[in-house]
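What follows is each chain in one-letter form.
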Amino acid sequence: VYKRQGMDISQGMLDVAIKQARKFELSNVDFERCRPNENHEQLESYDMVVAAGLFPNVASAGDMLETISRHLSPEGSFYVIEFDRKTLTSGKRLFFNVMISGYKFVSTFAKKFRFAESWNIESSTIEASTFTDQAQSAGFILVDTGTEESHIIFHFKKKAHNNSE
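Here we summarise the structure given alongside this text. Throughout, residues of each chain are indexed from 1 in the direction in which the sequence is written. At least 70 in pLDDT is required for a residue's local features to be given in this predicted model, at least 80 for side-chain atom pairs to be given and counted, and no such filter applies to totals for whole chains, interfaces and linings, which use all residues. With hydrogens and water excluded, all non-hydrogen atoms of the structure serve as input to the side-chain values.

Here's the deal with the environment of Thr87
Okay, step 1: A run of H or I in DSSP counts as a helix once it spans at least four residues, and a run of E counts as a strand once it spans at least two, with each numbered from the N terminus. By the element assignment, Thr87 lies in the loop between β4 (72-83) and α3 (90-107).
Okay, step 2: Note on Thr87: relative accessible area 33%, which makes it partly exposed.
Okay, step 3: Taking the C-alpha atoms as reference points, Thr87 and Thr147, separated by 60 residues in sequence, lie 8.6 Å from one another. Only protein chains enter the accessibility calculation, which uses a 1.4 Å probe; a residue is then buried when its area is under 20% of its type maximum, exposed when over 50%, and partly exposed in between.

This is the structure we're talking about:
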């Protein structure tokens, strides 16, 4: 039986993940509220990391990629699932734009939603080639990509340590 760990800085997102884990009767998942770069005792301890909907929501994709690389075991797998702006249908673009407009409107009254003031379709999705370049700069090798329902799915491997350096 594999042990899984879910981490997020947001208690709200953890609550969603806990609810989903219960729904699917996953008893082998622990959840922790933290910033991933605060988890120093677990360097190179994860065989696989899955990040879904993460990268449009971080200040620096490069910094987050480097953090994930530090926590991933040598030659570990890293999967990324994000909305791909190039494959969004007109209906999904409309949905995104309505959602973003709603968050912007609410942010005028509720400080909790001020993060949405600068949102747009570009900041809520990723561009595949730019992201791939960032991941490769952080020490990942692209294994495969796929698309599903306007999402792009990347499979990366962490580059093995080179002992000759």
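Let's pick the thread back up.
Observations concerning the nonpolar core
Okay, step 1: Counting 21 residues, the largest nonpolar core has Phe55, Leu65, Phe78, Phe131, Phe140, Phe154 and Phe156 as the members making the most contacts within it.
Okay, step 2: When residues of this core are traced back to their parent elements, those giving at least two are β3 (46-52), α2 (61-71), β4, α4 (128-137) and β6 (151-158).
Okay, step 3: Ranked by the residues each element gives to this core, the list is headed by α2, at four residues.
Okay, step 4: Beyond its immediate chain neighbours, meaning those up to four positions away, Phe131 contacts Phe55, Leu65, Val80, Ile126, Phe154 and Phe156.
Okay, step 5: By nonpolar core we mean a set of buried residues, namely Ala, Val, Leu, Ile, Met, Phe, Trp, Tyr and Cys, connected to one another through side-chain atoms within 4.5 Å. With five residues, the next largest nonpolar core counts Leu88, Phe96, Ile100 and Trp119 among its residues. Here a residue-residue contact requires only that any non-hydrogen atoms of the pair lie within 4.5 Å.

What to know about the packing of aromatic side chains
Okay, step 1: Each pair of aromatic rings taken from Phe, Tyr and Trp, with Trp reduced to its six-membered ring, is defined by centres within 6.5 Å and is described as stacked if the planes are under 30 degrees apart, edge-to-face if over 60, and tilted in the remaining cases. Going through the model one piece at a time under the given rule, you end up with eleven aromatic pairs.
Okay, step 2: A ring pair is formed by Phe78 and Phe140, whose centres lie 4.9 Å apart and whose planes are at 35 degrees; its orientation type is tilted. One end of the pair, Phe78, is in strand β4; the other, Phe140, is in strand β5 (residues 140-148), and 62 residues separate them in sequence. Just as Phe78 is buried, Phe140 falls in that class too.
Okay, step 3: Judged by centre distance (5.1 Å) and plane angle (45 degrees), the ring pair of Phe131 and Phe154 falls under tilted.

In short, shape yes, function no, at least from these values alone.
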